Amino acid sequence: MIKPLGNRVIVERLEAETKSSGGIIIPDTAKEQPQSGKVVAVGPGIKDKKDKLIPLDVKKGDKILFAKFGGTDVTLDGKDYMILKEDDILAVIAKK
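(A) A look at the overall build of the chain. Within the chain, the regular secondary structure consists of zero helices and eight strands. Starting at the N terminus and ending at the C terminus, the chain contains elements arranged as β-β-β-β-β-β-β-β. The buried share of the chain, taken over its 96 residues, is 25%. Here the contacts in the chain between residues at least 6 apart in sequence split such that 60% fall between residues at least 24 apart.

Given below as structure tokens:
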């Protein structure tokens, strides 16, 4: 597995919807990349001016929403992931 550094997070994208809200099946060529994912690894955080480590607000297993054009796509062992800075994460999806 890969270990992110600093304030970076490794995310596995959630699957894109295959049907619209009206029930229309969306072909693969028309699907957009989902902007949500599951956190699979987090970095240790960043240090402040006093050299104190500030941990990240997200943790492994969180489902998140992230910026459309943020992050870097990587493939490891045949699986696609994104490496995001914590600033690119917009929200944590609350569990019901």
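Now, onward.
(B) The arrangement of the pairing of strand S2 (residues 36–42) in detail. Among the seven residues that make up S2, five are buried, leaving the element largely enclosed by the rest of the structure. Inspection of the sheet shows strand S1 (residues 8–13) paired to S2 by five bridges, in the antiparallel sense. Opposite valine 11, over in S2, you have valine 39 as the bridge partner. Here S2 runs beside strand S5 (residues 63–66); their pairing, made up of three bridges, is antiparallel.

(C) Local environment of the environment of glycine 6. Tracing the sequence through the fold places glycine 6 in the segment before S1. When the C-alpha atoms of glycine 6 and isoleucine 46 are compared, they prove to be 5.3 Å apart, with 40 residues separating the residues in sequence. Leave out the neighbours within four places in its chain, and glycine 6 touches Gly43, Pro44, Gly45, Ile46 and Leu56.

(D) Just a positive patch on the surface, in detail. A contiguous patch of positive charge on the surface is contributed by Lys38, Lys60, Lys63 and Lys95. For lysine 60, the position within the fold is in the loop between strand S4 (53–54) and S5. Given the relative accessible area of 63%, lysine 60 is considered exposed.

Calculation criteria
- Residues numbered from 1 in each chain as written.
- Predicted model: local features only at pLDDT ≥ 70, side-chain atom pairs only at ≥ 80, totals over all residues.
- Heavy atoms only, no water.
- Helix = DSSP H or I, 4+ residues; strand = E, 2+ residues; numbered from the N terminus.
- Buried < 20%, exposed > 50% of the residue type's maximum accessible area, 1.4 Å probe, protein only.
- Contact = heavy atoms within 4.5 Å.
- Pairing = 2+ DSSP bridges.
- Patch = residues over 30% accessible without salt bridge, like charges linked within 9 Å, V, L, I, M, F, W, Y side chains within 5 Å.
- Areas by Shrake-Rupley, 256 points an atom, 1.4 Å probe, with all protein chains shown as cover.
- Salt bridge = Lys/Arg side-chain N within 4 Å of Asp/Glu carboxyl O.
- Lys, Arg positive; Asp, Glu negative; His and termini not counted.
- Charge placed at Lys NZ, Arg CZ, Asp CG, Glu CD.

Purely geometric numbers; function is a separate question.
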